[in-house]
Structure formats: C-alpha cells, structure tokens
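# Structural overview for review
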Amino acid sequence: MKNKQVTVMRIALSFLLVAGFAVQAVAGETYKMGLSLAITGPTSDVGSPYAKGAEDYVKYVNDEKLLGDDKLVCFIRDDGYKTEITKRNFEDFLDEEIVFYLNYSTGSTMALRQDFQEEQIPVLPASFHAGNLEGNDYIFLPIASYSSQAVGLAEYVAANHKGSGKPKVALFLHPSAFGRAPRDDVKKSVAAGLGIDLVEIVEHGKDLDNTAMLKRFQSKGVQYVISQTVQPPVATMLKGAQSLDMIAKTYGEAGKITFLGCHYGGGPALVSLAGSAADENYYWTTSYKMMTAKGPGRDAQFALAKRYGRDDKLAKDANYTNGIMVAQVAVETIRRAKAKGKKITRAVLYEELLAMNGFNAYNTLTTVGPVTFSKTDREGVDTLQLYVSKGGLFYEVGAPFESEYVKKIKQ
Amino acid sequence: MSYFLQLVVSGVVVGSIYALSALGFVLIYKSSRVLNIAHGQIIATGAFITYALTVFAGIPIVLAFLLSMVITFCLAMSVERIFLRRLIGEPIISVIMVTIGLMSIIDGLIYLTPFGSENFSFPEFLPKTPIAFWGVSMSWTQMVGVVITFTMIGGFTWFFKKSTVGISMRAVSDDQFASMSVGISVPKVFGLAWATAGLTAAAAGGIIGNITGLNFDVLHSFGIIVFPVVIVGGLDSILGAIVAGIIMGLIQQFASGYLDGKWGLFGTADVLPYIILLIILLFKPHGLFGIHEIERV
C-alpha cells in the first residue's frame, strides 16, 4: 500500500515537473535591455518623448508578439542628465543581465565607452557624435552624425546661395562635446574646398538676449547661421532675431539671416518654444521622417501613439520617433538572431548589427533611409532630409541626401 | 554709434529683467535674512501658471498674468507658513537647507506635469513688428517687460519707504526683538516678505517666458543666473538690485558685442559678471548698496 502511494506521488511529481517545463517553453524567453536618459533635468524636453517612444514600441512588440512567445523587457531609468547616475543605472542594468543597451547623452556615452567595450555590449545612444565611435567597437549611431548634419547643411548653403561670392556662415554651438562635435569637420570641409566663408564659431551661454551677437553677425555680413545645440538657446536667438527684424523671410534673403539647425536644434518642439520666430523659413535636417511626410511610417507612428494613449503633440515629436527607432533596431536585431536559431546573447546581437547591410539593411519606415551597419560603418542611417518650417510644420525640401564632404575628409 | 546704442538698450532691457528677478531674493533677505535658493523654481511656477490660465482656462493673457501674481503671492505665503515659520530663531543654515529642499520638492511637482519636460510658448498678443528708433530695435515684449519691471520696482521702493507695512518689514530686518517689543508681528512680516517675493517672481517668470519660451530648465536657471546681481547689489538693497541688474546687463552686452570673436575670445558675457562680482566683493564685501552692520559688544 505504502509502495503504491509512493509510486502515485512520483508519477504526480513527474507530471508536475514536465508540465512546469512545458509552460516555461510555451512562455518563451525573456530578453532584457536598458535605457538610461534624462526624463527630468536638462534636455528632458528631448528625453521624455524619447523614453515614451521606446516604451511604446517595446509594449507593441510584446502585445503583438513580434518576437513570438518571447518577451522583451526594457528597463527605463531617469538619470537627470548626470553621467554618474547614468553609470550607476548601466551597472544596475548589467546586474539584470541586459543584452542590449540604449544610452542618451554625448557626455555619458563618451564617459562610458570603455565600460561598453569591457562589457562587450551593443549600444545605441541618442547622441549622434561621430567621436562616440572612436576608441571602442560597440557603440552604433542610429542616424547620420552631427558632423554629417552640419556639413550637409553647409553644403546646402553653398549650393543654394543666391548672392555673389561665397556665402558667409556662422556656427552657433552648445558649449560641450555635443555642440563642438561637428566644428572641426566643418572646418576641414572648408579647407577641402566647401564653398562657404566660415565667419564665426560661437559657443553660446545661458543668454536672455543675443542682440550683441546678432548685430555682430550682421556687421560681418553673415547670412546663414547653422545651429548645433538644443532647442532653448535656438529659440532665444530666433526670438531676438525676430525683435531685430533679422530673420530672412525667404531662403538666403539679402541683408537678413537664414537660420538652419541640426537634429536637436530644430523640429516641432522648437516651434512650440519659439512660436512665430520659428514657424516660417527655419531649415532643419535629420534622418527621421516628419509627420508631414505621408506614408506607412507616419501612419504607424500615429497608430502607436494612439494605441498607448499619447497625445497629438507627442505623436508628432521627432524625439518620440527617435525613441521608437532605436527600440526598432534593437528588436530587429533580436528577431534576426532568433530567426537563425541563435541563442540571444550580447555577442550574437553585436554580430547581427554588424551584418545589417546590403540586402540585410533594415528599413525602419521611421527614417528617410535604411539602417546599415558594418565593421567599417557604425553610422546607421546615412541619408539626411532637409526640412523647412511653414505655418509651424516642417516640410521636406528636395530628396534625401548624404554629405559629400564628410566622405571626402574621412578618406 | 547705433551699434553702441543698440547694446545699451539691450543691456538695459536685460538688466531690468535681472533686477526684477533679483528683487525676490532681496525682499526675503531684507526682512528675514534668509536666502531663498528655490527662487528660480518660483519664477518658473509663475510663468507656468500664467500659461495654464491663458491656454487651458482661456483667460486673456493680461488678466492671467495678474492672476498668476495673485496665485503665486498666496502660494509663497503658504510655503512660508507651512515650512519656514517653524524655523524662526533657528540657525540660518537650517533655513537655507529647507529652501534647498523646497527647490527639490517644486522640481518634483513640476516634473509631474507636462511643464517639466515639454516646451511651450505664450500666445502672441503684442505686435510682431519691432519698435525702431535711432537705428535701434527692440521688441514689444521687451518694452512691456521693462515697463512692468520699473513699475514694480518703483512700487516696492515706495512701499518700503512710505507704507507702514514696508517700514515694519525694514524694522524686522534691522532687529527682530526690537520690532516685537513695539508690537510688530514678525511672523506676519516674514509671510508678507515671501508673498511679495512670489509676486515679483511670477512677474519675472511671465516676462522671461515671453522672451525665451517656456522651458522649465531655462526658467528655473534664472534663480542662479541673477545671483551675481543680488550679491553685487547688496542682498538687502532694492536700489542695489536695480543698479547691479543694469550694470550686469550692460557688461554682458558690451562683452559679447566688443570682446567676443576677437583674440579668440567667446562666452565672455557668461564669465565677466562673475569676475566683476569677485572684484566688487574684494573692495565692498556687502555689495554696492548692502548695509554694513557694525556690532558693538
């Protein structure tokens, strides 16, 4: 009798064990990635929509089972734009055994690049500084670098200047590694024959008024100002230029200044801040598609925002797109590795990223060109799109382009 | 010549806004000897209240601006009543630490709202065409800002010199025990000092918000940016805040206009105020107009 009871118990226990493993198999694997960024503090106007973009896309992936029965967890933590907190967050994420990491600022990306190298973890930052790629192998820029953006804008100025002689250009830069990122490449491009006269390079402060700077520009005949900074100083400069009646009403208008900006120095959030000073004739470049560009990318982004209860302002924000896009690349990398039957590890995802080129390039729909990475190219989307503001919205100008001089100076 | 004049006009505009922002520090310090580290956060709160009243509640912007001053007046008074009144008589460092805590609390509360991480701009209600004279340009926003600033500064100068309440506040600042002995309510004076500082902060926030747009990081940083103005002018002097504000505005414009771009110099407008601050404090440790108290034992 006792033996019979033991046998029944053994069978029941075996059944429970088998059932347990079966349930685990059905539930699938869980992959973890981390995102540390400024949801509060300086640049939180960028970090907050960025975080929401990544969060919504990860929810969508899980809800729609884009990774089959496997689940993706994205830890999102605020670092208040402080590198020491970013490092702590990153270390906490490592304890959670993340396989992919999304970083944010130029400063923290530069500071942690040795950590990324040691951990051998693929990293996509929100910073597009080409210098991030130096001295390590694991950082990948999602889109064209700040250098490509600034030089690309300068090329547009050189090609479309209406007056005689070389167009006089000033650079308006953030006083940090982020702002200075394209400075030397613009100078090198000019030395290599780019047809602009680089009159001044200004690193701004926390100014309430830019009258002196703008008047100085005017006295030196500056007709174009290219900004590589965040939106608030650009807004203050534009409002100042408006009060001095200096903003060109048409591109290159003689005696006035045409303002242009790189990714973080423009977009819908700039119009929200600067109002009428930015809602007409502000030129801006990025690799992201704008919500004014009709197509499947726009429709999908609106649908995603609506699905997760986001408002219209967020749905149109370029940094919401930015957050979606980096999560898309991470998910696509995992999906490709899974499709090959590989176990998802940092090393496997790194190899998958490096193989994302040629026929394997990834078309995200949220960018103006495909994401391509290889051992010699860790700048994702190579193409840029020029936009101009009209009635407060940004519209495409011409076709997507690549900076010719950045290629030249890097040869 | 018009370049010089333009720099003077812009310097006075910027300087008067600095003076208005600095006034909040002075009002509190003048009556309670407390340095309110959270002043930048109150400036931002005032600006956001004006925006919310205008855009979300549909109240005309001028009325919203006045209402926000009233609301911030009441909020600042409540802050004093809840957090600071218990600290009367405690070491000054404890009170300053409380204002640092207050700064974090207000930061946290604002980050819970869209104002913490989104950009906004006030609806435009003034003409876009700049005012031009003698080759000099200024926007209507700047003009209105200067008028509001000087009206408020004039009003407060009169208030402290002529009104009974203002004189009571000065008396409390001079000697709390002597003031109490003649029947002045020190706690009420402290409350009123905080409230009036809140009122000026809302005015400053409204003006700065119109010039820069509404970004929390930009707005609250004005609490730090005007610090040299407060110190140079003298922590307890309204006249000092005005003079130092305008001096700083002019120095910044001239530095940016005449030094930047030459000899490889840039960003002098950010550095020079602090150099001037150090030089002035070397010769006048209480600021240009600060009261130098002599204690006899």
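Residues numbered from 1 in each chain as written. Chains lettered and ligands numbered in written order. Predicted model: local features only at pLDDT ≥ 70, side-chain atom pairs only at ≥ 80, totals over all residues. Heavy atoms only, no water.

### A closer look at helix α5 (residues 146-160) of chain A
Counted at 1.5 Å a residue, the expected span for α5 of chain A with its 15 residues is 21 Å, and the 21 Å between its end C-alpha atoms agrees. In terms of residue burial, α5 of chain A counts as a mostly covered element, since 11 of its 15 residues are buried. (Helix = DSSP H or I, 4+ residues; strand = E, 2+ residues; numbered from the N terminus. Expected span 1.5 Å × (residues − 1). Buried < 20%, exposed > 50% of the residue type's maximum accessible area, 1.4 Å probe, protein only.)

### Considering the packing of aromatic side chains
All names here are of chain B. Evaluated as defined, the whole model comprises 38 aromatic pairs over all chains. Between Phe115 and Phe120, the aromatic rings sit 5.1 Å apart at their centres with planes inclined by 55°, giving tilted as the arrangement. For Phe115, a relative accessible area of 11% translates into the label buried. Judged by its relative accessible area of 8%, Phe120 falls in the buried class. Between Lys30 and the ring centre of Phe160, over which it is positioned, the NZ or CZ distance is 5.5 Å. (Phe/Tyr/Trp six-rings, centres within 6.5 Å; stacked < 30°, edge-to-face > 60°. Lys NZ or Arg CZ within 6 Å of the ring centre and 35° of its normal.)

### Side note on the interface of chain B and chain A
In many reports, interface size means the accessible area that the parts give up when they come together. Taken together, the 41 residues of chain B in the interface contact 38 residues of chain A. Together, the buried faces of chain B and chain A total about 3,100 Å²; carbon and sulfur atoms form 52% of this surface. Of all residues in chain B, the largest losses of buried area upon contact with chain A belong to Ser117, Asn119 and Phe266 of chain B, amounting jointly to 18% of the total for that side. In this assembly, chain B and chain A are joined by one salt bridge. In this structure, the salt-bridge partner of Lys313 of chain A is Glu118 of chain B, at a minimum N-O distance of 3.2 Å. Taken together, chain B and chain A are joined by 17 residue pairs in polar contact (both at pLDDT 80 or more). (Contact = heavy atoms within 4.5 Å. Buried area = accessible area lost by both parts, 1.4 Å probe. Salt bridge = Lys/Arg side-chain N within 4 Å of Asp/Glu carboxyl O. Polar contact = N/O pair within 3.5 Å; in protein donor to acceptor, adjacent residues only side chain to side chain.)

### Some words on the side chain of Thr149 of chain B
Residues and elements named next belong to chain B. Within the secondary structure layout, Thr149 lies in helix α5 (residues 140-162). According to the relative accessible area criterion, Thr149 is buried, its value standing at 0%. The residues contacting Thr149, other than those within four sequence positions of it, are Ser16, Leu20 and Ile207.

### Topic: the sheet that holds strand β8 (residues 224-228) of chain A
Residues and elements named next belong to chain A. Ordered in space as β7-β6-β8-β9-β10-β12-β13, the seven strands form an open sheet in which the pairing is mixed. This sheet does not close on itself; its edge strands, each paired only once, are β7 (197-203) and β13 (393-401). Averaged over all pairs of adjacent strands, the angle between their axes in this sheet comes to 25°, without regard to strand direction. Packing against the sheet, α5 makes contact with β6 (168-173), β8, β9 (258-261), β10 (283-286), β12 (384-390) and β13, and its axis sits at approximately 170° to β8. (Pairing = 2+ DSSP bridges. Axes fitted to C-alpha atoms, helices over the stretch in contact; angles between N-to-C directions.)

### Concerning the confidence of the model for chain A
Residues of chain A with pLDDT of at least 70 account for 93%, and the chain-wide mean is 91. Note that residues 21-25 of chain A has pLDDT below 50 and, in this model, zero contacts with residues that lie over four places away or in other chains. (pLDDT = per-residue confidence, 0-100.)

### A word on the packing of α5 of chain A against helix α7 (residues 183-191) of chain A
Think of two packed helices as two axes; the pair is described by the angle between the axes and how far apart they sit. All names here are of chain A. One can describe the packing of α5 onto α7 by two numbers: an axis separation of 9 Å at closest approach and a directional angle of 45°. As far as their axial angle goes, α7 and α5 are oblique. Here α5 runs over α7; the crossing is right-handed. On α7, the residues that touch Ser147, Ala150 and Val151 of α5 are Asp185, Val186 and Ser189. The residue makeup of the contact of α5 with α7, split by class, is three nonpolar, two polar and one charged. (Parallel < 35°, antiparallel > 145°, perpendicular 65-115°, else oblique. Left-handed = near helix turned anticlockwise from the far one by under 90°. Nonpolar A, V, L, I, M, F, W, Y, C, P; charged D, E, K, R; others polar.)

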